[in-house]
Amino acid sequence: METTTPNMPIQQDEAKDVSTMKQTQNPNLVTNQITSIQQDGDASPLNQTNNPNAVMSNPIAEDETTLTTESQNRVSDLPNDILAEILKCLPAKTLVRFKCVCKPWGTLLTDSIFIKSHLGRNRTMFQSDLKTNTRLILARYCDTLLSTVDSEAKNVMQEEELDFPLLKNLPYYVKGHFDGLLCLVVNDGDEGMLVVYNPSIQQYRKLPNPADFRSTREAIGIGFDDTIKDYKVVRVPSNYCKMKVPGYKPKVEVLELKANTWRQIPDEHILPYYVEHIFQSTEVNGGLYWLVEDNRRNSLIIRFDLAEEKFKMVKPPEEFKRNVSWIGPLKDLLCVVHTRRLSEVHVWATNDDMTWRKIMTSSKYSEPPASDLFKDTFRYMPLCYTEKGAVLMSVRGERFLTFDNRENMFEHVDILDAKNWLQETVYCESLVSPGVGVHQTEAAASSGTAINYLTAEDEAEEDNVEQAENSSSVLQMMGSLKRELANLLACTVGLGSRHAQG
């Protein structure tokens, strides 16, 4: 069981649903059931809306507070294991909306086993393609987060503003991310707020601040400790605080989301290095990484093992020491970028912290005008792969490019209406909740689409969290669900056909 979500076993309202889960899987039966649903124009509001000559009528004939009994039964006729396999292939935001289709789906989509299975699939696909489960978020100064949405046009993405009013008009930094959870520090004019936020399910949680917390100037990371099945937030010594705070004492502290309390790591396990507060942590293979410098300005990498809670040094490739401009994850690899002035950009990767291999070499992008005095010091950040295998890169926080290593070619990528951002973060969509004591954003609470992972006791304490399970929310969402449900049915028919052929 995931520690971030309480154990919620799948339940069925009727004995028929329980027996359906246990029956032998018959692909032809599944195909026939789906075909019947697609062909039944009287019972299916989806088919009614697809018919241009049809007069739109109330999809709920007898009782406006529930879906039709016939539609509910046909959906529940799908074997539960097949339904789960289909649903876990869909994006997290889609699944949040599907929760309101019917009660059995809502139960399945909030089950911890399903959430873990969905997350496992997303982890394997993360950073493979922005059209799947990988999302790019842009942090803006004193403004809300922007998330990118795919566009039909080539090398064009659209942006949408995330409904997270907590950030409005306040400075903040994204300090790290893992499994769809963003760790942010918000400067509220006091000592600051430490927040864990999942934009896919529109839930956030305020964490307690450690002692002597310095708001956005702190260096923070987040990752997952597989030995205890819990997420950890880690505070490490800040270079800004070392320079600006009189009497600053460096220390390392850890907060487990389940325990929700800070504890200090013994001083003997702390390395004598300080992290720039603007750097995000990098989580790879159970460790948090940061880029630091020694007294000679040589670039070093430190790793904090989330299970052992100890640091170690990771040496960059021997070919260079000083010119490491960036470190980050790329498909379960720790990557570093080395930039040679006026010449090339090299990306190196390791999966064991010892053996490095060069995975990309490119000439610098030549678009900046000649009058730009800083064109030779552009900061290149590989973010993820595209569906064609090129690498999406950010250049000094001002533009985005794709680089095809096979053809040694750059292409400009335009994000419509996006400008003046401070940070780029590529995160994995997930259904993972920030844990006990979460809040929903206003949009999630009003739409009735938020998935609630709280226990009954926690729900009583969280008066601001409202669950809209009534039929009005279902009716309001039917229009937006039409296309996604049609795609789901098509996928099911294809799955049944492949089983039948086998």
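Conventions and cut-offs
Residues numbered from 1 in each chain as written. Predicted model: local features only at pLDDT ≥ 70, side-chain atom pairs only at ≥ 80, totals over all residues. Heavy atoms only, no water. Buried < 20%, exposed > 50% of the residue type's maximum accessible area, 1.4 Å probe, protein only. Helix = DSSP H or I, 4+ residues; strand = E, 2+ residues; numbered from the N terminus. 1 Å grid on protein atoms, 1.4 Å probe; cavity = no way out; pocket = protein on both sides within 12 Å on 5 of 7 lines; lining within 4 Å. Points joined across faces, edges and corners; volume = space filled by probe spheres on them. Nonpolar A, V, L, I, M, F, W, Y, C, P; charged D, E, K, R; others polar. Salt bridge = Lys/Arg side-chain N within 4 Å of Asp/Glu carboxyl O. Core = buried A, V, L, I, M, F, W, Y, C linked by side-chain atoms within 4.5 Å. Contact = heavy atoms within 4.5 Å. Pairing = 2+ DSSP bridges. Axes fitted to C-alpha atoms, helices over the stretch in contact; angles between N-to-C directions. Polar contact = N/O pair within 3.5 Å; in protein donor to acceptor, adjacent residues only side chain to side chain.

With that out of the way, let us pick up helix α5 (residues 80–87). Of all eight residues in α5, six are buried; the element is thus mostly enclosed. Every buried residue belonging to α5 is among Asn80, Ile82, Leu83, Ala84, Ile86 and Leu87, and all of these are buried.

Any empty space left between atoms is shown by rolling a water-sized probe over those atoms. On inspection of all chains with the given rule, the structure shows two cavities of 30 Å³ or more. Taken as a whole, the second largest cavity encloses approximately 50 Å³ of empty space. Along its surface, the second largest cavity is lined by Val236, Pro237, Val252, Ile270, Leu271, Tyr273, Val275, Ile302 and Phe311. Considered class by class, the residues forming the lining of the second largest cavity number nine nonpolar, no polar and no charged.

Right, let's get into the pattern of salt bridges. Applying the stated criterion across every chain yields a total of 20 salt bridges. Among the ionic pairs, Arg140 bridges to Asp143, the shortest N-O distance being 3.4 Å. Of the charged contacts, one joins Asp353 and Arg303 as a salt bridge, the two residues approaching to 3.4 Å between their closest N and O atoms. Separated by 50 residues along the polypeptide, Asp353 in the loop between β18 (344–350) and β19 (357–363) and Arg303 in strand β14 (residues 299–305) bring together distant segments of the chain. Neither residue differs from the other here; Asp353 and Arg303 are each classed as buried. What emerges from the salt-bridge pattern is a single network uniting Asp225, Lys232, Glu256, Arg263 and Glu309.

Moving on, we come to the nonpolar core. Among the nonpolar cores identified, the biggest contains 36 residues, and Leu87, Leu194 and Val233 are the most heavily contacted of them. Going through the elements one at a time, α5, α6 (92–98), α7 (103–109), α8 (112–125), β5 (181–186), β6 (193–198), β8 (219–225) and β9 (230–236) are the ones with two or more residues in this core. In terms of residue count, α6 provides more of this core than any other element does, four residues in total. The residues touching Leu194, leaving out its near neighbours within four places in the chain, are Cys183, Leu184, Val185, Arg205, Lys206, Leu207, Pro208, Asn209, Phe213, Ile220, Val233 and Trp262. Counting 33 residues, the second-largest nonpolar core is a separate cluster that includes Cys335, Leu383, Cys384 and Ile415.

With that settled, the discussion passes to the sheet that holds strand β20 (residues 380–385). As summarised here, the arrangement of the eight strands in space is β20-β21-β22-β23-β3-β2-β1-β24, forming an open sheet in which the pairing is mixed. Among the strands making up the open sheet, the edge pair consists of β20 and β24 (421–428). On average, adjacent strands in this sheet sit at an angle of 30° to one another, irrespective of strand direction. With two bridges connecting them, strand β3 (residues 156–161) and strand β23 (residues 409–415) associate as parallel partners.

Tracing the chain through its elements places Arg235 in strand β9. A relative accessible area of 4% places Arg235 in the buried class. A polar atom in the side chain of Arg235 sits 3.0 Å from the backbone oxygen of Asp212. Among the polar contacts made by the side chain of Arg235, one reaches the side chain of Glu218 at a distance of 2.7 Å. Not counting residues within four places of it along the chain, the set of residues in contact with Arg235 comprises Pro210, Ala211, Asp212, Phe213, Glu218, Ala219, Ile220, Lys251, Val252, Glu253 and Trp262.

Mapping Glu191 onto the fold places it in the loop between β5 and β6. Owing to a relative accessible area of 42%, Glu191 belongs among the partly exposed residues under this scheme. For the pair Glu191 and Asn209, spaced 18 residues apart in sequence, the C-alpha to C-alpha distance is 8.3 Å.

Let us look at the sheet that holds strand β11 (residues 262–264). Strand order in the open sheet formed by four strands is β8-β9-β10-β11, with antiparallel pairing between adjacent strands. Single-partner strands in this sheet number two, and they are β8 and β11. For this sheet, the mean angle separating the axes of adjacent strands, direction not counted, is 25°. Across seven bridges, β8 lies against β9 in antiparallel orientation.

Our focus in this paragraph is the pairing of strand β17 (residues 334–339). Extensive coverage of β17 is indicated by the burial of six of its six residues. Residues Leu334, Val336 and His338 of β17 are buried on one face, and the alternating residues Cys335, Val337 and Thr339, pointing to the opposite face, are buried as well. Sheet topology note: the strand β16 (residues 324–329)/β17 ladder contains five bridges and is antiparallel. From the neighbouring strand, Val324 faces β17, where its bridge partner is His338. Between β16 and β17, which pair antiparallel in sequence order, lie four residues; one of them, Lys331, sits at a positive phi of approximately 55°.

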